[in-house]
Amino acid sequence: PSHDTRYKLLTEGKLVTNGILFELNKAIIKPESIGVIKEIATVLKENQGLRVKIIGHSSADGNDALNLVLSQKRALAVKDALVNEWGIDAGRIETDGKGSTEPIDRTNTPTGNALNRRVEFIKL
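Please read these numbers as outputs of a predicted model, since none were measured by experiment.

### A short note on the sheet that holds strand S2 (residues 52-57)
Here's step 1: Strand order across the open sheet formed by four strands is S1-S4-S2-S3, with mixed pairing between neighbours. The strands lining the two open edges of the sheet, one partner per strand, are strand S1 (14-17) and strand S3 (93-99). In this sheet, adjacent strand axes meet at a mean angle of 15° when their direction is disregarded.
Here's step 2: The pairing of S2 with strand S4 (residues 118-123) spans six bridges and is classified as antiparallel. Within S4, the residue paired with Lys53 across the bridge is Ile122.

Below, the structure is given as structure tokens:
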């Protein structure tokens, strides 16, 4: 994994990525996301004691309640990928979704919305 991924997760205790992409309005991970997920899996494999919480965030596009559920399902999809494709113990991963309740960009522009669509990994 990149030094950044390992450093941020282990030292700063938090990694935020816009590199995990999903199909529109679905919790289906796009194939181009695999590199980021592989890096996370590698960090988890190299640090057996590490536990993480995966938090999905959406943009404010669309219905708030639906965005909340979608962000929760997307976090779960990332967990499932780590468990099923990379062999990470499910007990080491918690998930949550915040919908659009914690934007990092409030401009409501396409760029801002793209920044808000993100997945956070928090060291537990």
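### Quick word on the pattern of salt bridges
Here's step 1: The tally for this structure, following the rule as stated, stands at four salt bridges.
Here's step 2: Across the pair Arg51 and Glu94 runs a salt bridge, and its minimum N-O distance is 3.1 Å. Here the residue Arg51 occupies a position in the loop between helix H2 (34-46) and S2, and Glu94 occupies one in strand S3, the gap between them amounting to 43 residues.
Here's step 3: On the basis of relative accessibility, which here comes to 32%, the residue Arg51 falls in the partly exposed class.
Here's step 4: Its salt-bridge partner being Asp96, residue Lys98 comes within 3.6 Å of it at the nearest N-O pair.

What counts and what doesn't
Residues numbered from 1 in each chain as written. Predicted model: local features only at pLDDT ≥ 70, side-chain atom pairs only at ≥ 80, totals over all residues. Heavy atoms only, no water. Pairing = 2+ DSSP bridges. Helix = DSSP H or I, 4+ residues; strand = E, 2+ residues; numbered from the N terminus. Axes fitted to C-alpha atoms, helices over the stretch in contact; angles between N-to-C directions. Salt bridge = Lys/Arg side-chain N within 4 Å of Asp/Glu carboxyl O. Buried < 20%, exposed > 50% of the residue type's maximum accessible area, 1.4 Å probe, protein only.

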